[in-house]
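# Examining the three-dimensional arrangement
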Amino acid sequence: TKRLKFQTGKKALDWTVPKEWEAREAYIIGPDGKRYADFGKNNLHLLNYSVPFRGKMNLEELKTHLYSLPEQPDAIPYLTSYYKARWGFCLPHRVLTALPSGEYEVVVDTRLYDGHVEIGETVLPGQSTREILFSSYLCHPSLANNELSGPLVTAFLYRKIAAMPKRRFTYRFALMPETIGSICYLSLRGASFKQRLVAGYQITCVGNPAAWTYKRSRRGSCLADRAAEIILRDSGAAYELIVFDPSVGSDERQYCSPGYNLPVGSLMRTMYGRYPQYHTSLDNKNFISFETLAKSVEVYFDMVQAIENNRVWINKVARGEPQLGRRGLYPTLGGQKENEQEIRAMLWLLNLADGTKDLLDVAVVSGQPLKLLITAASKLSKAKLIALKVS
Amino acid sequence: TKRLKFQTGKKALDWTVPKEWEAREAYIIGPDGKRYADFGKNNLHLLNYSVPFRGKMNLEELKTHLYSLPEQPDAIPYLTSYYKARWGFCLPHRVLTALPSGEYEVVVDTRLYDGHVEIGETVLPGQSTREILFSSYLCHPSLANNELSGPLVTAFLYRKIAAMPKRRFTYRFALMPETIGSICYLSLRGASFKQRLVAGYQITCVGNPAAWTYKRSRRGSCLADRAAEIILRDSGAAYELIVFDPSVGSDERQYCSPGYNLPVGSLMRTMYGRYPQYHTSLDNKNFISFETLAKSVEVYFDMVQAIENNRVWINKVARGEPQLGRRGLYPTLGGQKENEQEIRAMLWLLNLADGTKDLLDVAVVSGQPLKLLITAASKLSKAKLIALKVS
Amino acid sequence: TKRLKFQTGKKALDWTVPKEWEAREAYIIGPDGKRYADFGKNNLHLLNYSVPFRGKMNLEELKTHLYSLPEQPDAIPYLTSYYKARWGFCLPHRVLTALPSGEYEVVVDTRLYDGHVEIGETVLPGQSTREILFSSYLCHPSLANNELSGPLVTAFLYRKIAAMPKRRFTYRFALMPETIGSICYLSLRGASFKQRLVAGYQITCVGNPAAWTYKRSRRGSCLADRAAEIILRDSGAAYELIVFDPSVGSDERQYCSPGYNLPVGSLMRTMYGRYPQYHTSLDNKNFISFETLAKSVEVYFDMVQAIENNRVWINKVARGEPQLGRRGLYPTLGGQKENEQEIRAMLWLLNLADGTKDLLDVAVVSGQPLKLLITAASKLSKAKLIALKVS
């Protein structure tokens, strides 16, 4: 595991690494002597990246620094001001509108200093140097679905992949602050990714129990997309496929910028921007569940297995069906109304294994579940009826 | 403005220009002394291209020369007989069936003489000699939606295009009788159109207040089609797209004949053949409205602007998003639930501006309104984040 | 007509021809002296390919050799055991469950001997050596829709094709036992078919009055598929198109194996596996009708005509429409609301006859009925407005 650091002032692609920000304490004391919007109680109360300030002012002036959501009067909004020097507080609209008039004391004890953007990265090597990337972010304080769920699922997925008896591909995991983090990361790894990345996923919003949403890569049908879509199809669960959208999203916006155009998609539950709790204090631990997180790990791992098993098979008997019966692969009593599922998967694979389709293609064309096709490939390969295409 | 003339007897493509026809007066006088089907009152009463005739006959014989619509008993049908020498009268079925028996006097004072087919044409030059054509027809006497609406919209569209501060393309406007007119026109301009026409529209049936119908060119997705379809999509109005049909239509049948295959579509309201008033005296001024005509001019002009602004842009920052914030193109306060529409359009354009798509393609793929993309292109171009592709 | 024979023990593709089977008599005599499951009364009673056996046993032991369908208690199932030596009886579940306990006498008087697989084949020559194949099977004793209907329709179709005044293509008809028959047949004719077959159909399940099902070839849009789909579209009847499925089917599974990938589809009524009577004694003459068989012959013959008339036409007047009027191909009285269907078909054909589309393509793109297009082609060809493409 490495910690990659990018110093303040460093150029990264079109960007410059900003100063690092530290918040020690921040609050308002009202004319009634009460503390309001105390950063010590909920770090969402402080407008992220607020510049330091100490002073007194009346309510009217103070209000130009206060942010709330009139339509969600009990929620603290999550707000940032990275590129304009400001200070501010975020608080529930119900609290804001009840503030007594009079003089307030404001304390914003923060500092902006030459520091760095930091990225955590770890690699699980495989037989090939071709890579699969899992990326998530750490930057939204106190948020759950649209923050914590990503690193949690990434960490447990790491565990499952680390436990695989063998890996065809190399797996890379990275956690970073959103946007500036992936800009820095690509400035370091982008050229290598263009050569070696076969699939990648931005893991975010995977904690709340709801239907799946898969956002395709910019390419639209890369290996990452195809694996995700077959696994969702076979899962029997409700899901929605959405096309790549560079105008709303997480770090896939950077991975899929046209100069990289990497094969990176994003499997989510309810995605950013589509639930009212998004970017507010209501996106908290009540909004997510461990069961959902565990299921998200499982489905991401199914996608890994889909990619690991995605081979181009070639049949050895192409003219007519092979005689499965004498190889013990066909029931001895004929005439049943339904062939068994496994035989159907074998017949599909034999018919489509002409060297033009990988196993995901076969799953799409045949409609057969990928898991059955993987088993069929194993049996037919043992019976020497199919062989891996030599590329 | 030119008046192009094609003499009787002249060969034009596979056709020969017929004699010109003049009608001075035409009517029937009944045994009751009344005048029926008087051309002086409504020129639809005379079968178009009727040969001259004077004589007396009883009702039975006369009826072989009378045409009506039993299902629309108050309508005078519009009928022609260009290629067989005939005379005849068209009248409401209610009138026809009430004609008293007895002897009738028939006057058809017409003449067929060596004359010409005449086409009015005018050109508004632009920076490029590549052309956009607007074509309409003048030949159905007294009809409104399926006749007058076309030249009217063409004329007002001319005015708006003439007033543009600059034009990228050259605009050509032509009015002619249907079919034989466009055959003659193509015999003169066809070769030039094949080289220079980038888009064209047959303007017809644009007067009655109803949903739009866009009939695609034979090519199916030429510039004319793409501009029309995006403008309709963005308009929010109801519309129907229909594929090219050579068996029913106006002069796009000639422009889109396979030897020319010009990029010519046709934006209409309720199209020919789809309303009961079609080709009868009921397709009159009550069936159309000035508001609708004005709106049709506006939408055709939107299509002109879509074509004028249809550029291939290339982003200058392709690896990662550019930092819009330091260029004043991004809000300084982050974390809002909704980016503004304009920023979304900018991010889409930046992502798709890889030199493979023009702005109409970007509008299709992104789903962003074309007008927002035109504004985004202007802003990003000023910020030097995109540049025109050098072709 | 030839009888092609393939001897027991002969290798055919991946298979070996098995022994031939003859059944003389087979039955069970119960403790009550009654005969059960008498092959002499219904040959479905004997498990097909049963090895010979004579002996006595009690009901319990006998039951391991008895087969029935609990969900269809009055039906005798059709079962086979080609690749494992077994004997057995099939009988209605209602009979099986009422068998009295006690000792039974079993007679299975069959023999397995060195014989052959036999295929009946006949050919109707045409102008070209390019071929169209009709294949059906003879192997399911006593079954009607999923057996007899195929050879019957094939035989009557043969009669109609034999009566054609001239044939562009050569027609080949073949009847054989399913699977092993077509494996043998392809071992003989496969290489020739790869060179010469332009279309083929597996004829099966064409006897019961129900909607059509067309199963596409593996290629998905070969000439056989295109002809079938246009004829079904134009028929006005209900039909379903299904994609090629190698895991369930008849001999198209062999013809469409990837090493041959022949242009063979299958037009059926209710297909195998989709009706409860399938592979039981209920698939009998009550399930089919002569009217349906005759209609199936007719539609197959329509497909033949679609293929025979499928030409690439090229228009001689490509710039503008030709003047149909002076050739007597257009009504002399213009302005009717509807062109006649025949003129519409002519205008479509003229517009699309640019050498890139055959008549089936024209039927698809235009939506015009194929029969009208065939008539239009004939008229336009006589008027020298179109000519056959010289390939």
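Counting from 1, residues in each chain are numbered in the order their sequence is written. Chain labels run from A onward and ligand labels from 1 onward, assigned in the order the entries are written. This being a predicted model, a pLDDT of at least 70 is required before a residue's local features are given, and a value of 80 or more before pairs of side-chain atoms are given or counted; all residues contribute to the totals for chains, interfaces and linings. Hydrogens and water are ignored here; the side-chain numbers use all heavy atoms of the structure.

## Looking at the side chain of A:Thr110
All names here are of chain A. To keep it simple, the criterion reads: By definition, any uninterrupted DSSP run of H or I lasting at least four residues is a helix, any uninterrupted run of E lasting at least two residues is a strand, and each is numbered from the N terminus. To sort residues, take the accessible area from a 1.4 Å probe on protein chains only and compare it with the maximum for the residue type: under 20% means buried, over 50% means exposed, and anything in between is partly exposed. Throughout this description, a polar contact denotes any pair of N or O atoms lying within 3.5 Å of each other; where both atoms belong to protein, one of them has to be capable of donating a hydrogen while the other can accept it, and for residues adjacent in sequence the pair is counted only when both atoms sit in side chains. Note on contacts: a residue pair is in contact if any heavy atoms of the two residues lie within 4.5 Å.
With respect to the element layout, Thr-110 can be found in strand 9 (residues 103–113). Here Thr-110 falls in the buried class, since its relative accessible area comes to 3%. Only 2.9 Å separates the side chain of Thr-110 from the backbone oxygen of Ser-50, close enough to count as a polar contact. Once you skip the residues sitting within four places of it in the chain, Thr-110 turns out to touch Trp-21, Glu-22, Ala-23, Arg-24, Leu-46, Ser-50, Val-51 and Pro-52.

## Some thoughts on the interface of chain B and chain A
As a reminder of what qualifies: Any Lys or Arg side-chain nitrogen found within 4 Å of a carboxyl oxygen on Asp or Glu counts as a salt bridge.
With 25 residues of chain B at the interface, the matching set in chain A holds 33 residues. Inspection of the chain B/chain A interface yields 5 salt bridges. With its nearest N and O atoms 3.2 Å apart, the salt bridge here joins B:Arg326 to A:Asp14. Looking at the side of chain B that touches chain A element by element, the count peaks at 6 residues for helix 8 (residues 341–352) of chain B.

## Some details on the relation of the copies chain B and chain A
Our working rule: Alignment of the copies relies on least squares applied to C-alpha atoms, considering only residues that score at least 70 for pLDDT in both.
Between chain B and chain A, which share one sequence, the superposing operator has a rotation angle of 120° and an axial displacement of 0.1 Å; the RMSD is 0.1 Å. Such a combination of rotation and displacement between the chain copies is what one expects of a three-fold axis. Relative to the rotation axis, the C-alpha of B:Ser221 is the closest in chain B, positioned 14 Å from it.

## Points about the sheet that holds strand 14 (residues 212–215) of chain A
Residues and elements named next belong to chain A. Under the convention used in this document: Pairing between strands is defined by DSSP: at least two bridges between them are needed. To obtain an axis, a line is fitted to C-alpha atoms, over the contacting stretch when the element is a helix, and the angle between two such axes runs from 0 to 180 degrees between their N-to-C directions.
Across the sheet, which stays open at both edges, the 8 strands sit in the order 1-10-12-11-13-16-14-15 with mixed pairing between neighbours. Among the strands making up the open sheet, the edge pair consists of strand 1 (2–7) and strand 15 (239–242). Ignoring which end each strand starts from, the neighbouring axes of this sheet average 20° apart. The sheet contact formed by strand 11 (residues 131–137) and strand 12 (residues 170–176) spans 7 bridges and is parallel. Across the sheet, the residue bridging to Leu-133 is Arg-172, located in strand 12. Running over the sheet, helix 3 (residues 144–162) touches strand 10 (116–124), strand 11 and strand 12 and is turned about 150° from strand 11. Running at roughly 55° to strand 13 (residues 197–202), helix 5 (residues 223–235) makes contact with strand 13, strand 14, strand 15 and strand 16 (264–268) of the sheet.

## Describing the environment of C:Arg326
Residue and element names in this part refer to chain C. Checked against the element boundaries, Arg-326 lands in the loop between strand 17 (313–315) and helix 8 (341–352). By relative accessible area, Arg-326 is classed as partly exposed at 46%. Engagement of the side chain of Arg-326 in a polar contact is seen with the side chain of Gln-323, the distance being 3.2 Å.

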